[in-house]
Amino acid sequence: MKTPAEKRKATIAKKNADKDLLTTVRDRYKLMFEADEDNRQLAMEDMKFATLPGHQWEEKVKIERGDRPCYEFNKIRVSSKRVINDIRANRPQGKVRATEDGDKKTAEIFEGLIRNIWGKSDGDTCVDYAAEYMVNGGMGAWRIKTEYVADDVFDQEILLDPISNPFNLFCDPAAKDFMHRDAHDWCLVDMIPVADYEARWPRSDRVSWDSNEFNDGGEWEEDEEVRVVEYWYKEPYTLTLAQLETGEVIDLEDVPEGIQVLKTREVQANRIMMCIASGESILEGPIEWAGDFFPFIMVHGEK
C-alpha cells in the first residue's frame, strides 16, 4: 500500500503527464486541421452543391438577381446516386486465401469470423454511408470498435461503426500510404449532449474542444453540447522476442517455466493508445487499444 507521500507524488506525476499529453493533442490537431483545411472546405461545398437545395447558386449571384427566380436542376445528384447504387449492387468484399494447403481450414475460420462481424455490424450500411460522402465530397470513413457481449461477461466482440461526419476525422498529414497505415496519430472530434457529458465525466468542467467549420452540424445549441476529441497515437516501446526450442517465437516475458530459450533479440514496436480530451483536460486515458492498427478506415474517391 502506498504512503500518503507516494500517493501525492503519483497524483502530481499524473497531472504533469496529462498536461504534456494535452499540449501534444492540441499541437497535432492544429497541424492536421491546417494541412487539410482547403481540401475539406472544397469537399464541404461539393457536398452541399450536390445534396442541399439552394446551394447551387452563390449568395452574391442570388442577391444580384433580385426577384428573378434561381432555377435548379440537380443532375449531379442523379449521377452520384447512380455510382452509389452501383457500389450497392457490386459490393467489394474481402477474401481470405490460404497460402499453403494446410492453412485452408484456418482461412475458412477467419472468413467466417469476418462475415459474422460484417453481418452483426450491418457493414453494408457503414459502407453505403461512407460512399455518400466519398462520391459527393471525395472522402468517407468508418471505424472499428469493440463492445462487451453482455453486461455480466468479459467477452468482447468486434463491430464496424459508421462515422456520421467524416470531416471530423483527421489523420497524420505525414502519412504516405494510401490506406494511412503508416500514420502516427489520428483525431476524431465529436459533439456530446451536456447531460451525457456530465454523467460520464461529473468531475470535469464543461469546456469544449476548439471549434472548426467542419464539425458544427447544427443539431445542438452551443449551450446544450460539449465538443471533445479522441486522440489516437502510437507509443513506441522495446520488445524482446524469444525463440523457443519448440520453434515458437513469443515475448520473452511470456516464456513458460521449463521451456528452453534458444535465442533472443530486441525489436522496436508500437502500442496503439487513445485518450479523450476536452478543451482543458484529459477526460479519459490514455488506454491501450487491443489491436495493432488504428481503428479508422478512410476511403477517398480518387483511390
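Residues numbered from 1 in each chain as written. Predicted model: local features only at pLDDT ≥ 70, side-chain atom pairs only at ≥ 80, totals over all residues. Heavy atoms only, no water.

## Regarding the pairing of strand S1 (residues 139–148)
- As paired elements, S1 and strand S9 (residues 296–300) share 5 bridges and run antiparallel to each other. When the sheet's bridge partners are listed, Met139 is paired in S9 with His300.
- Sheet topology places S1 next to strand S2 (residues 156–162); 7 bridges connect them, and they run antiparallel. Paired with Tyr148 across the two strands is Gln156, which belongs to S2. (Pairing = 2+ DSSP bridges. Helix = DSSP H or I, 4+ residues; strand = E, 2+ residues; numbered from the N terminus.)

## Observations regarding the confidence of the model for the protein chain
- The pLDDT averaged across the protein chain works out to 85; a share of 94% of its residues lies at or above 70.
- Mean pLDDT across the elements of the protein chain bottoms out in helix H3 (residues 59–65) (81) and peaks in strand S3 (residues 169–171) (93).
- Counted against residues more than four places away or in other chains, residues 216–221, with its pLDDT under 50, gives 5 contacts. (pLDDT = per-residue confidence, 0-100. Contact = heavy atoms within 4.5 Å.)

## Focus: the pattern of salt bridges
- Taken as a whole and judged by the stated rule, the model has 16 salt bridges.
- When the shortest N-O distance is used, the salt bridge between Arg28 and Asp172 registers 3.0 Å. Taken as a pair, Arg28 in helix H1 (residues 4–35) and Asp172 in the loop between S3 and strand S4 (185–193) lie far apart in primary sequence, 144 residues in all.
- Exposure remark for Asp172: the relative accessible area of 8% places this residue in the buried category.
- A salt bridge links Glu235 to Arg271, with the shortest nitrogen-to-oxygen separation between them at 3.4 Å. Taken together, the residues span a long stretch of sequence, with Glu235 in strand S5 (residues 225–244) and Arg271 in strand S7 (residues 261–277) at a distance of 36 residues.
- Accessibility expressed as a relative area gives 30% for Glu235, which makes it partly exposed.
- Arg271 gets classed as partly exposed once you look at its relative accessible area, which sits at 26%. (Salt bridge = Lys/Arg side-chain N within 4 Å of Asp/Glu carboxyl O. Buried < 20%, exposed > 50% of the residue type's maximum accessible area, 1.4 Å probe, protein only.)

## Focus on unusual backbone geometry
- Look at the link from Gly285 to Pro286: it is a cis peptide, with omega at 5 degrees.
- Within the secondary structure, Pro286 is located in strand S8 (residues 282–288).
- For Asp122, which is not glycine, the phi torsion reads 55 degrees and is therefore positive.
- Residue classification places Asp122 among the partly exposed positions, given a relative accessible area of 41%.
- We note that His180 has phi near 65 degrees; this positive angle belongs to a residue other than glycine.
- Its location among the elements puts His180 in the loop between S3 and S4.
- Owing to a relative accessible area of 13%, His180 belongs among the buried residues under this scheme.

## Concerning the nonpolar core
- With 29 residues, the main nonpolar core has Leu169, Trp186, Val228 and Trp232 as its most contacted residues.
- Put simply, the parts of the chain that give this core at least two residues each are helix H2 (37–51), S1, S3, S4, helix H7 (194–200), S5, S7 and S9.
- Dropping the residues within four chain positions of it, Val228 is found in contact with Leu188, Val189, Asp190, Ile192, Tyr197, Trp201, Trp209, Ile276, Ala277 and Leu283. (Core = buried A, V, L, I, M, F, W, Y, C linked by side-chain atoms within 4.5 Å.)

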